[in-house]
Amino acid sequence: MLYQRSRQVLVSEDLKDMASVDLVKDKAVRIILTGDVLFDSGKAALKPEAVESLRKIAGILRETSFAVNVVGHTDDVPISTEEFPSNWELSTMRACVTARFLMDEVAIPPDQVYVTGHAEYQPVRDNTDPESRAANRRVEIIMTKERPYGTLNASPGTNLNDRPRSGHDHIHSEDLR
């Protein structure tokens, strides 16, 4: 259900060029946003055109009580600036900026949101050419029933449904489909 709704929004809102969606079987729905569409090279400020696209995608997030992990990735081109000493800082800041936008501008509940940065260490393609590096520069929005390990009151496999949430229905495994 969540996966199908995510795919429908990407098609109906004409976001196919900037985002894709996939399903991690019975675990999570992942929306993959192209980093070059969201941010200028070496920067972590959202581009103006990215704001409207994120608003469209946010409708999906408002419809669920699942955990939302915003994950930043970079290519393997080193960065070393005062603001971003390495790709770790850049990837994490991009995830933070995206998460902050989702919370502040489109009212995704902060207790639902988690931020992760992976720098260049989880590429989807090798970094041997410009197209491959562009594919690796991305932000993923991962919706999952389980809270990340290491969060307050969570252990491996802790389900978000185990905590009380007013106004939200319980999530069933079929909701991910």
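What you see is a predicted model; the values in this text were computed from it and never measured. (Residues numbered from 1 in each chain as written. Predicted model: local features only at pLDDT ≥ 70, side-chain atom pairs only at ≥ 80, totals over all residues. Heavy atoms only, no water.)

Novice: Explanation requested: the overall build of the protein in the structure shown.
Specialist: Across its full length, the protein holds five helices and five strands. Listing the helices and strands of the protein from first to last along the sequence gives α-β-β-α-α-β-α-β-α-β. The buried share among the 177 residues of the protein stands at 46%. Here the contacts in the protein between residues at least 6 apart in sequence split such that 67% fall between residues at least 24 apart. (Helix = DSSP H or I, 4+ residues; strand = E, 2+ residues; numbered from the N terminus. Buried < 20%, exposed > 50% of the residue type's maximum accessible area, 1.4 Å probe, protein only. Contact = heavy atoms within 4.5 Å.)

Novice: Explanation requested: the environment of valine 68 in the structure shown.
Specialist: Its location among the elements puts valine 68 in strand β3 (residues 67–73). Sequence separation between valine 68 and lysine 145 is 77 residues; the distance between their C-alpha atoms is 9.1 Å. The contact partners of valine 68, leaving out residues within four places of it in the chain, are Leu61, Gln112, Val113, Tyr114, Ile141, Ile142 and Met143.

Novice: In this structure, what is going on with the environment of arginine 138? I would like to understand it.
Specialist: Positionally, arginine 138 belongs in strand β5 (residues 138–144). Arginine 138 sits 47 residues away from serine 91 along the chain, and the two C-alpha atoms are 8.7 Å apart. Look past the residues within four positions of arginine 138 in its chain and what remains in contact with it is Ile32, Leu33, Gly35, Val71, Gly72, His73, Gln122, Pro123 and Val124. Polar contacts involving the side chain of arginine 138 include one to the side chain of glutamate 140, which spans 2.9 Å. (Polar contact = N/O pair within 3.5 Å; in protein donor to acceptor, adjacent residues only side chain to side chain.)

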